[in-house]
Amino acid sequence: MLFYIKRKISLNDLSILLQLDKRLILDSNKKLKNLQSGLINEDTYLLIPYKESVLDISSEYVELMNNDIKIMHETQGNGTILNTKKPYDSLELYSELNQLVTLYPFLQKEIIGYSVLGKPIVELKIGNGPKKIHMNGSFHANEWITTSIMMYWLKNFLASLVNNQLLDGNCCSSLYKEVTLSFVPMVNPDGVDLVRNGLPNNSKYNKLILEINGYSLDFSQWKANIRGVDLNNQYPANWEIEKERKIPKGPAPRDYPGDAPLTEPEAIALADIVQKRQFDRVLAFHTQGEEIYWGYLGKEPNEAGQIVAEFERLSGYKAIRNIDSHAGFRDWFVNEYEKSGFTIELGLGVNPLPFEQFDEMYTKSKGIFLAALFM
């Protein structure tokens, strides 16, 4: 939403008028970053986050405060918040991430890498606090419902934030100021699209994909990326152990760790942002089992046990410290940085989990999302 400031107004007065936290206004308008006097000059255009109490507009221009401010309305669909409670493929995700950035201009969107087929791997950054947390979903293609769950968390968090509402008793404004959240809802766009939509159009990999899949067009059990490499077996944390004992010795719908660690662009993209941003903790969302894995060879810090106990309490999921598994994203993070890392297995059943489980999965897991921010 674009505002035109006709006469000088203080940032504090604008915040009170809109009932919108000053930090959200500043973060939506980088040109105000060095605002010295607290006054916003006349003839200034500002981006203002979507807020239902303000964006109730039927005409192109709506005047407020005796003509001192004009809302210059740019139509966004029917003016309503997006419906993120649905299955996603990559195109749907990209479209809605773009719309979220338009609705909430304090969000920062960055392409952190590209898939084998050249599809963007997109990160949203939310907040500007000192605590740095990363979350990701859809590492595995047929676990695409994790993207839907994550997008629904995000939608509800953003709506509560701009409307000054509590979310399950948590002050979202405080979380925004305390945390910088890195949010990658779809690590494996090629794989998700293969499971959701079938073979890509005119891809040089189609012959390989069919060979790997036994010439079946049913890709529901496909977990890997488009080259048949399991992205969550790609990390240099005892990768050699997994390479030796995994049954697939070549590209496969699942479990093949590749010819070496970090050969696949999707896995590299995640490793790069971890190394660049130096997160304090990471959460990787998978399905299924309603379990939380949190230890790796004793490298996890003491705080990890306290955090996972809260996750367990809020979700009813079972916390499991050690499992006989290596080369995963979380394994590598804990091993490399000796910080808290969690793999959360959402839902119960056989992958891909039916979308009918969405409500139950969301209800159980939303406490994990919030506790990861407030602890």
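Scroll up a little and you will see the structure.
Since we're looking at a predicted model, the values are computed, not measured.

Novice: Would you mind showing me how to read helix H12 (residues 358-374) here?
Specialist: Every α-helix winds through 3.6 residues per turn, so residues three or four apart in the chain are directed the same way. Across its 17 residues, H12 extends 24 Å between first and last C-alpha, which sits within 8% of the 24 Å expected from 1.5 Å per residue. Along H12, the helix axis deviates most sharply at Ser 365, where the bend reaches about 35°. Of all the residues in H12, the buried ones are Phe 358, Met 361, Tyr 362, Ser 365, Gly 367, Ile 368, Phe 369, Leu 370, Ala 371, Ala 372 and Leu 373.

Novice: Before we go on, may I ask you to explain the pattern of salt bridges in this structure?
Specialist: A side chain of one charge can pair with a side chain of the opposite charge if their charged atoms are brought near each other. All chains considered together, the criterion is met by 22 salt bridges. A salt bridge links Arg 277 to Glu 110, with the shortest nitrogen-to-oxygen separation between them at 3.1 Å. Of this pair, Arg 277 sits in helix H9 (residues 265-277) while Glu 110 sits in strand E7 (residues 108-114), and the two are 167 residues apart along the sequence. What makes Glu 110 partly exposed here is its relative accessible area of 28%. Each of the salt bridges in this network shares a partner with another, and the network as a whole consists of Glu 110, Glu 123, Lys 276 and Arg 277.

Novice: Just to check I follow, could you spell out the environment of His 326 for this structure?
Specialist: In this structure, His 326 sits in the loop between strand E15 (318-320) and helix H11 (329-337). A relative accessible area of 10% places His 326 in the buried class. Residues His 326 and Glu 92, spaced 234 residues apart in sequence, show a C-alpha to C-alpha distance of 33 Å. If we skip the residues at most four places from it in the chain, His 326 touches Asn 233, Ala 237, Asn 238, Ile 241, Glu 242, Arg 245, Tyr 296 and Asp 331. Engagement of the side chain of His 326 in a polar contact is seen with the side chain of Tyr 296, the distance being 2.7 Å.

Novice: What is the right way to read the packing of H9 against H11 from this model?
Specialist: The geometry of a pair of packed helices is captured by two quantities: the angle between their axes and the separation between those axes. Viewed as axis vectors pointing N to C, H9 and H11 meet at an angle of 30°, and their least axial separation amounts to 12 Å. Judged by the angle between their axes, H9 and H11 are roughly parallel. For the pair H9 and H11, the crossing hand works out as right-handed. Of the residues in H11, those in contact with Leu 270, Ala 271, Val 274 and Gln 275 of H9 are Phe 329, Trp 332, Phe 333 and Tyr 337. When its residues are assigned to classes, the contact of H9 with H11 shows 7 nonpolar, 1 polar and no charged.

Novice: Would you explain the pairing of strand E8 (residues 120-126) in this entry?
Specialist: Along a regular strand, successive side chains alternate from one face of the sheet to the other. Across the 7 residues of E8, 5 count as buried, placing the element largely inside the fold. As defined by bridge partners, E7 adjoins E8 across 6 bridges and the pair is classed as antiparallel. Residue pairing for E8: Tyr 114 is matched across the bridge by Pro 120. Between E7 and the antiparallel strand that follows it, E8, lie 5 residues; Gly 118 among them carries a positive phi value of about 85°. In this sheet, strand E12 (residues 179-184) lies alongside E8 in antiparallel orientation, the contact comprising 3 bridges. The residue of E12 that forms the bridge with Leu 124 is Phe 183.

Novice: Looking at this model, I keep getting lost on the pairing of strand E9 (residues 131-137). Mind explaining?
Specialist: Buried residues dominate E9, accounting for 6 of its 7 residues. Bridge count for E9 against E12 is 6 bridges, and the pairing is parallel. For His 134, the partnering residue across the bridge sits in E12 and is Ser 182. Relative to strand E13 (residues 281-287), E9 runs parallel, the two sharing 5 bridges. Each bridged residue has a counterpart across the sheet, and for Asn 136 the counterpart in E13 is Ala 284.

Novice: Honestly, the side chain of Asp 193 in this entry has me stumped. Any pointers?
Specialist: Following the sequence through the fold, Asp 193 ends up in helix H6 (residues 189-197). For Asp 193, a relative accessible area of 9% corresponds to the buried category. When neighbours within four sequence positions are excluded, Asp 193 is seen to be in contact with Asp 89, Ser 90, Lys 119 and Gly 198.

Novice: Just checking my understanding: could you explain the nonpolar core for this structure?
Specialist: In summary, soluble globular proteins display a tendency toward joint burial of nonpolar side chains. In terms of nonpolar packing, the biggest core is built from 86 residues, with Ile 126, Met 135, Phe 157, Leu 283 and Phe 342 touching the most fellow members. Examining the composition of this core, we find that 11 residues originate from one element, helix H4 (residues 145-162), more than from any other. Here Phe 342 is in contact with Val 282, Leu 283, Ala 284, Ile 292, Tyr 293, Trp 294, Ala 304, Ile 307, Val 308, Phe 311 and Arg 330, once residues within four sequence places are set aside. Of all hydrophobic cores here, the second largest spans 23 residues; its members include Ala 267, Ile 273, Val 274 and Val 334.

Novice: Looking at this structure, I do not really get the sheet that holds E9. What am I missing?
Specialist: Through backbone hydrogen bonds, the strands of a sheet pair up, either in parallel or in antiparallel fashion. Here 8 strands make up an open sheet; going across it, the order is E7-E8-E12-E9-E13-E16-E14-E15 and the pairing mixed. Since the sheet does not close on itself, it has two edges, and those belong to E7 and E15, each with one partner. In this sheet, neighbouring strand axes are inclined to one another by 20° on average, regardless of whether the strands run parallel or antiparallel. Pairing of E13 with strand E16 (residues 340-346), which is carried by 7 bridges, proceeds in the parallel orientation.

About the cut-offs
- Residues numbered from 1 in each chain as written.
- Predicted model: local features only at pLDDT ≥ 70, side-chain atom pairs only at ≥ 80, totals over all residues.
- Heavy atoms only, no water.
- Helix = DSSP H or I, 4+ residues; strand = E, 2+ residues; numbered from the N terminus.
- Expected span 1.5 Å × (residues − 1).
- Bend = angle between axes of the 7 residues up to and from the residue.
- Buried < 20%, exposed > 50% of the residue type's maximum accessible area, 1.4 Å probe, protein only.
- Salt bridge = Lys/Arg side-chain N within 4 Å of Asp/Glu carboxyl O.
- Contact = heavy atoms within 4.5 Å.
- Polar contact = N/O pair within 3.5 Å; in protein donor to acceptor, adjacent residues only side chain to side chain.
- Axes fitted to C-alpha atoms, helices over the stretch in contact; angles between N-to-C directions.
- Parallel < 35°, antiparallel > 145°, perpendicular 65-115°, else oblique.
- Left-handed = near helix turned anticlockwise from the far one by under 90°.
- Nonpolar A, V, L, I, M, F, W, Y, C, P; charged D, E, K, R; others polar.
- Pairing = 2+ DSSP bridges.
- Core = buried A, V, L, I, M, F, W, Y, C linked by side-chain atoms within 4.5 Å.

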